[in-house]
Amino acid sequence: MAGPDGARELRIGFIPLVDCTPLVVAHERGFAAAEGLRLNLVRETSWANIRDRLVLGHFDAAHMLAPMPVSANLRIGSLHTPMSVPLVLNLGGNAITASTALWAEMKAAAGGELSGTDPRGMGEALAAVVRARSAAGRPPPTIGMVHPFSAHNYELRYWLAAAGVDPDEDVRLVVVPPPFMADAMAAGQVDAFCVGEPWNSLAVEAGVGRIITTKAALWRQGPEKVLSVRADWAEQAPETLAALLRALVKAAAWAEDAANREELAALLADPRYLGVDAGIIGRALSHRLVLERGGEPVEVADFLLFERSAATFPWQSHALWIYSQMVRWGQTAETAENQDRARRTYRPDIYRRVLGPEGVALPNASMKVEGALKAPTPVASSTGRMVLGPDGFFDGLEFDPDDVERYIAGFAIHKRNA
Amino acid sequence: MQNAGLSVAIVDENQMRAAILEEGLVSAGISQVTLISDTTNLLRQLVDLAPDVVIIDLENPSRDVLEQMFQVSRVVARPVAMFVDRSDSSMIQAAVDAGVSAYVVDGLRKERIKPIVDMAISRFNAFSRLQDELEKARNELAERKVIERAKGILMKTRKMSEEEAYAALRRLAMSDNRRIIDIAQSVVTAAKLLG
């Protein structure tokens, strides 16, 4: 619908998280207006609302958990309207925080020597706590995450299982809405949680928890939030979608520029968006996290990427990795048809068609072996100036999207066909 | 009564709205209605209650907690589905527009659930109309106060009677094609500026 100034108005749902940045910047810094769009950003309280209101046509597009459109297309969970992902909003941006009590237990289990954010050491310490609690007849740790179809769920499960902890048997995984995480931790309802920023840093500032590892440390440059639209809308309004993608890519580049960080933190701090202190928001943006209250900030490589390393490109290998974990944990069946549905949720074809003519660097391939790049690597692209990676998983495993079956079969802990 | 055996949980932090909904459900013959306003450990509370239907306000972030019930149905023992029938998009649309969402245990017959969801939708709509009226009444009260103050200013500075002051405001409003409240507001603002 065209607005009074001739601009086309788009209603877009978002959740107050640092990674809604490209949408806020596109609106506030004129990138949307330059494309003839007026963004009406609607703050929502739950991912379920985001999905339902997108499906019902209340929203034209939405800030969405990367696995959510995949689950819709696999017809698992609720409301199965086909969705398309033409653009990724960010890589990274999550962390895992332990309560001060669990942190003390982990340190004791590790013989007092535990520091930094190394997922391997942290996983071993947590596994030792799980065994000790079980031996003493105490309840297992309860760990919060944000939605069954979230990167958080799969990150936690991947990390726990790698340490020999069965996420369905040895701990209790529960969903807690991000704004309630710190309170739930303070009240002793969760011993740890995995959530996007700024909620980890807020728990740290409240003195209730210690950040123990990050998404970037578990899977460097793993996908987090995506732009999701209804598949039929993408077909019916290609020009509007193209304008939105152009605006978002420019916004992502603006947000990635370190010179704009302070301005961006202030923008996100506005009550209409996050309503959180700009200094806290700035931690994620500067890749420098304070792990415990009063501590010195530590550098976390690639903590949150908006544009660098082709962050906006919808790699079909990301969609397939998500699918592999859905199969691994018994959320969906492993079939050729499901694999195909999952892969085709991500639409590099739309990205290429719209952004190629804009001079945005395009990789020649739509899938890559995830975890294969150990260092920044120039890759074949239509413009010849694309550098990817490193993109490793912390356990050194590689995900070959051409051999999903073998990858899933390789995990010792899984719930396939449960 | 065909609904007598059903149990319904209402998850709503707005206790007034929850009470209105509860009253409607009870009068429809559903005796087991539980209000949950404290959403800490919601999943555990719901597992303990084992309701047939969960009605939740759309603004409650704990909707995502309910979605987990799909995924942990092995733990919960009873699978949970959203809405009566996923294909019934007009009912989903009506519910979301009203600001409510209903989660229904699979296996319950559609015709038993529909009246409950319809009831929730109409009660939520009635509540939001009530809210609108309350808001309107509050605004009218605030507007009346501004007009009173403007009249007081005119009476004091122009030595007008109350009737003359009101007539002056109304005359200006008519000639400028504006609302009396807007004229009154500018009188109050001007008086502030001029000390």
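Refer to the structure presented above.
What comes next is a walk through the structure. Fair warning: this is a prediction, and the values are worked out from it, not measured in the lab. (Residues numbered from 1 in each chain as written. Chains lettered and ligands numbered in written order. Predicted model: local features only at pLDDT ≥ 70, side-chain atom pairs only at ≥ 80, totals over all residues. Heavy atoms only, no water.)

1. Here's the deal with the overall build of chain B
Part 1: Regarding its fold elements, chain B presents eight helices and five strands.
Part 2: Ordered by position from N to C terminus, the α and β elements of chain B give β-α-β-α-β-α-α-β-α-β-α-α-α.
Part 3: Per-residue burial for chain B yields a buried fraction of 44% across its 195 residues.
Part 4: Of all intrachain contacts in chain B linking residues separated by at least 6 positions in sequence, the fraction that spans at least 24 positions is 63%. (Helix = DSSP H or I, 4+ residues; strand = E, 2+ residues; numbered from the N terminus. Buried < 20%, exposed > 50% of the residue type's maximum accessible area, 1.4 Å probe, protein only. Contact = heavy atoms within 4.5 Å.)

2. A closer look at the pattern of salt bridges
Should their charged atoms come close, side chains of opposite charge can pair.
All names here are of chain A.
Part 1: Per the counting criterion, the structure on display carries 44 salt bridges over all chains.
Part 2: For R220, the salt bridge goes to D302, with nearest N and O atoms at 2.8 Å. Separated by 82 residues along the polypeptide, R220 in the loop between α10 (215–218) and β10 (223–230) and D302 in the loop between β12 (297–299) and β13 (304–305) bring together distant segments of the chain.
Part 3: Judged by its relative accessible area of 9%, D302 is buried.
Part 4: Between D270 and R272 there is a salt bridge whose closest N-O contact spans 3.1 Å.
Part 5: One continuous salt-bridge network, built from bridges that share partners, spans D19, E155, K215, E224 and K225. (Salt bridge = Lys/Arg side-chain N within 4 Å of Asp/Glu carboxyl O.)

3. Regarding helix α15 (residues 316–328) of chain A
Residues and elements named next belong to chain A.
Part 1: Between its terminal C-alpha atoms α15 stretches 18 Å, which fits the 18 Å expected from 13 residues at 1.5 Å a residue.
Part 2: The element α15 is extensively covered by neighbouring structure, given that 13 of its 13 residues are classed as buried.
Part 3: Count one or two residues on from α15 and you reach G330, which has phi positive near 75°. (Expected span 1.5 Å × (residues − 1).)

4. Considerations on the environment of B:I153
Residues and elements named next belong to chain B.
Part 1: Relative to the helices and strands, I153 resides in helix α6 (residues 110–157).
Part 2: Looking at I153, the relative accessible area reads 22%, which means it is partly exposed.
Part 3: The spacing of I153 and R179 is 26 residues in sequence and 18 Å in space, taken between C-alpha atoms.

5. Description of the sheet that holds strand β8 (residues 192–196) of chain A
All names here are of chain A.
Part 1: Pairing is mixed across the open sheet formed by five strands, whose spatial order is β7-β6-β8-β5-β9. Whereas interior strands pair on both sides, the edge strands pair on one side only; in this sheet they are β7 (172–175) and β9 (209–214). Between one strand axis and the next, the sheet turns through 25° on average, direction left out of account.
Part 2: Pairing geometry for strand β5 (residues 94–99) and β8, over five bridges, is antiparallel. Residue pairing for β8: I96 is matched across the bridge by C194.
Part 3: Strand contacts of helix α7 (residues 151–162): β5, β6 (142–145), β7, β8 and β9, with the helix running at about 145° to β6, the strand carrying the most contacts. (Pairing = 2+ DSSP bridges. Axes fitted to C-alpha atoms, helices over the stretch in contact; angles between N-to-C directions.)

6. Section: the layout of surface pockets
Part 1: Roughly 370 Å³ of volume is contained in the second largest pocket.
Part 2: Contributing to the lining of the second largest pocket are 21 residues, with A:V176, A:Q189, B:T40, B:N41 and B:L42 lying nearest its centre.
Part 3: Breaking the lining of the second largest pocket down by element, the ones donating at least two residues are β7 and α8 (181–186) of chain A together with α2 (42–49) and α3 (63–71) of chain B.
Part 4: In terms of residue class, the lining of the second largest pocket is built from 11 nonpolar, seven polar and three charged. (1 Å grid on protein atoms, 1.4 Å probe; cavity = no way out; pocket = protein on both sides within 12 Å on 5 of 7 lines; lining within 4 Å. Points joined across faces, edges and corners; volume = space filled by probe spheres on them. Nonpolar A, V, L, I, M, F, W, Y, C, P; charged D, E, K, R; others polar.)

7. Considerations on the interface of chain B and chain A
Part 1: At the interface, 25 residues of chain B touch 28 residues of chain A.
Part 2: Carbon and sulfur atoms supply 53% of the area that chain B and chain A bury against each other, a total of about 2200 Å² over both sides.
Part 3: In this structure, the connection of chain B to chain A is made through two salt bridges.
Part 4: With a shortest N-O distance of 2.5 Å, A:D52 and B:R63 are connected by a salt bridge. (Buried area = accessible area lost by both parts, 1.4 Å probe.)

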